[in-house]
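What follows is each chain in one-letter form.
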Amino acid sequence: MEFKKSRHKHFSLLLAAAVVLNYFYLFHGISPDQQDWYNILYGIPVINTLILSVLMAVIASQSVDMEHKGAMWNLLPTLESRASIYLGKLLYGFIYLTIFCSLQMAMVILMGVHLGFAGSIPFHAIGVTFLAELVGGMIVYQVQCLLSLLFSSQFAALSVGFGGTLTGLFLAYISTKAWTPWSVLFSLSPVGMDYDRASRTATLFLRPITVPEILTALLYLVGFFLLGLYLFTKTEQGELLAGAHEHRVSHSVHSGLPVELIKLKRNPLWIPFVLIPLISAVIGTVNFTQNQDVLKNTWGNLWTQQSLFLGMFFLAPLVGILCSLLWRMEHQGSNWNLILTVTTPAKLVKDKWLTASLLSVLSIGWIAMIYLFTGKILGLPGDVPELFWIRMVSAVLCLAAITAVQSMLSMLFHSFAFPIALAFAGSFAGLELTVKGAYYASPYSMLIYGMGSTSITGELNVPVLLTSCCFFILAALTVSVLALKRMDVRTHV
């Protein structure tokens, strides 16, 4: 049943994109080393704390989302028991997870042989890594199923998932213990690292997985399974869902708010846009203060540490969540045709783009406030670099381009989660383009370049950036309007 529900959801493309991103991170541009196999196996938990967590969040969201539509929550149990439905969802996620992990491990072996890695293939370490990914991936998948169950809005579930991913990645640089479900991949990694600060050299080694680490992972796995099974089988329609019992309406049908903002009333939209930049800033600040032997005590270094993960990986998917939320109502029932009886395609596309752009601008203002406040608290010498303000304006322009593209994707794809996954994949691709100097080739790479996430004082070609932003905005809005004129509720799948 779950596979029938996922028809036309393009999950095979997501799996392919995840494997390709793994390839570029693990193998692209590597130089020969006596620890080649260990380097690759050590890098897998790092990249998959991001990629695998997002992949599991998207699949879980799509799997549970249908139960929130109409009377499906009560209709499906007339066909199968609730326990069977829940177990089917877990099996569905496990199959996708197994396919991904198998493809990844096959890629590691084949590329290691092709590149001539020194030594024999460490099948034992590869097998342990494979099992660790299965366990860690299923833990995250179960957590995301629970979040998607508790929140009827998948916006909230995915936002919490992104925050957990960012937190898990940060904690991994402090300790390999599984402090959160998103940290299990690191705790079960068979490859450890010793770092010598004096010589600034890192040595990788095989390490045994301890009993407490195994028990912690099993506690997460079994605990979330039992909790999910209990809630899924005992919850009735609207009983537990956060916000499902609230049906308050405005006192008047007339409102001074624009239509798209009215749709967002009483939606906890501000939570991820406030918390995720704050988490990123905390991570960056801790890293900045703990590495003063490497980083200079300057405003520039503080900015790169605070904006690194945000600009490279998380800000674009946040915008993707917002755009999917704005188009969600049009994708339900016959609203796609109904909305066009009271507005034009051009106005509908423009209003959604302007609304998303406005909220994105507010997030940039919040990010700048956190940065300035942190710098003052730390007592950084000198003034804020003048280029910082130009970077903020550049970030606003880049986000306007990203919102146009993400709004187009959210309109074209019926799935709430798929455009968000594309934003995440676009961020990884954008990092590669930025490294190669082709920052103008995508709006995601322009954001990394424009924000100065790698260097606030680096080169900033404003004319090229402005031209590229205008091109993506006009192209995305034009495609959106033309596509909207040709789509209706029958043809849009």
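Let me begin by describing the structure that accompanies this report. (Residues numbered from 1 in each chain as written. Predicted model: local features only at pLDDT ≥ 70, side-chain atom pairs only at ≥ 80, totals over all residues. Heavy atoms only, no water.)

We now examine the overall build of the chain. Helices and strands together make up the secondary structure of the chain, namely 18 helices and two strands. When burial is assessed residue by residue, the chain has 53% of its 493 residues classed as buried. Residue pairs at least 24 apart in sequence account for 79% of intrachain contacts in the chain once pairs closer than 6 positions are excluded. Here the chain displays about 22200 Å² of accessible surface, and carbon together with sulfur accounts for 68% of that area. (Helix = DSSP H or I, 4+ residues; strand = E, 2+ residues; numbered from the N terminus. Buried < 20%, exposed > 50% of the residue type's maximum accessible area, 1.4 Å probe, protein only. Contact = heavy atoms within 4.5 Å. Areas by Shrake-Rupley, 256 points an atom, 1.4 Å probe, with all protein chains shown as cover.)

Here we take up a nonpolar patch on the surface. On the surface, a nonpolar cluster with roughly 410 Å² of combined accessible area is contributed by L91, F94, I95, I99 and L103. One can find I95 in helix α5 (residues 82–114). Judged by relative accessible area, I95 falls into the partly exposed class, the value being 31%. (Patch = residues over 30% accessible without salt bridge, like charges linked within 9 Å, V, L, I, M, F, W, Y side chains within 5 Å. Salt bridge = Lys/Arg side-chain N within 4 Å of Asp/Glu carboxyl O.)

For the rest of this paragraph, the subject is helix α6 (residues 123–150). Three or four residues apart is the spacing at which side chains of an α-helix point the same way, because the helix has 3.6 residues per turn. Between the first and last C-alpha of α6 there are 40 Å, a value that for 28 residues agrees with the 40 Å anticipated at 1.5 Å per step. Burial analysis of α6 places 20 of its 28 residues in the buried class, the great majority of the element. (Expected span 1.5 Å × (residues − 1).)

If you look at the biggest cluster of nonpolar residues, it comprises 137 residues, and the most contacted ones within it are L55, Y141 and F314. Residues within four places of Y141 in sequence aside, it is in contact with M56, I59, A60, S63, K89, L90, Y92 and G93. (Core = buried A, V, L, I, M, F, W, Y, C linked by side-chain atoms within 4.5 Å.)

This next bit is on the packing of aromatic side chains. How two aromatic rings sit relative to each other is set out by the distance from centre to centre and by the angle between their planes. Enumeration according to the criterion identifies 15 aromatic pairs in this entry. Between Y86 and F232, the ring centres sit 5.4 Å apart and the planes meet at 35°, which makes this aromatic pair tilted. With a gap of 146 residues between them, Y86 in helix α5 and F232 in helix α9 (residues 211–234) connect regions that are remote in the sequence. The residues Y86 and F232 share a single accessibility class, namely buried. (Phe/Tyr/Trp six-rings, centres within 6.5 Å; stacked < 30°, edge-to-face > 60°.)

Here the focus is α9. Between its first and last C-alpha, α9 extends 34 Å over 24 residues, near the 34 Å set by a 1.5 Å rise per residue. Those residues of α9 lying buried are E213, A217, Y220, G228, L231 and F232.

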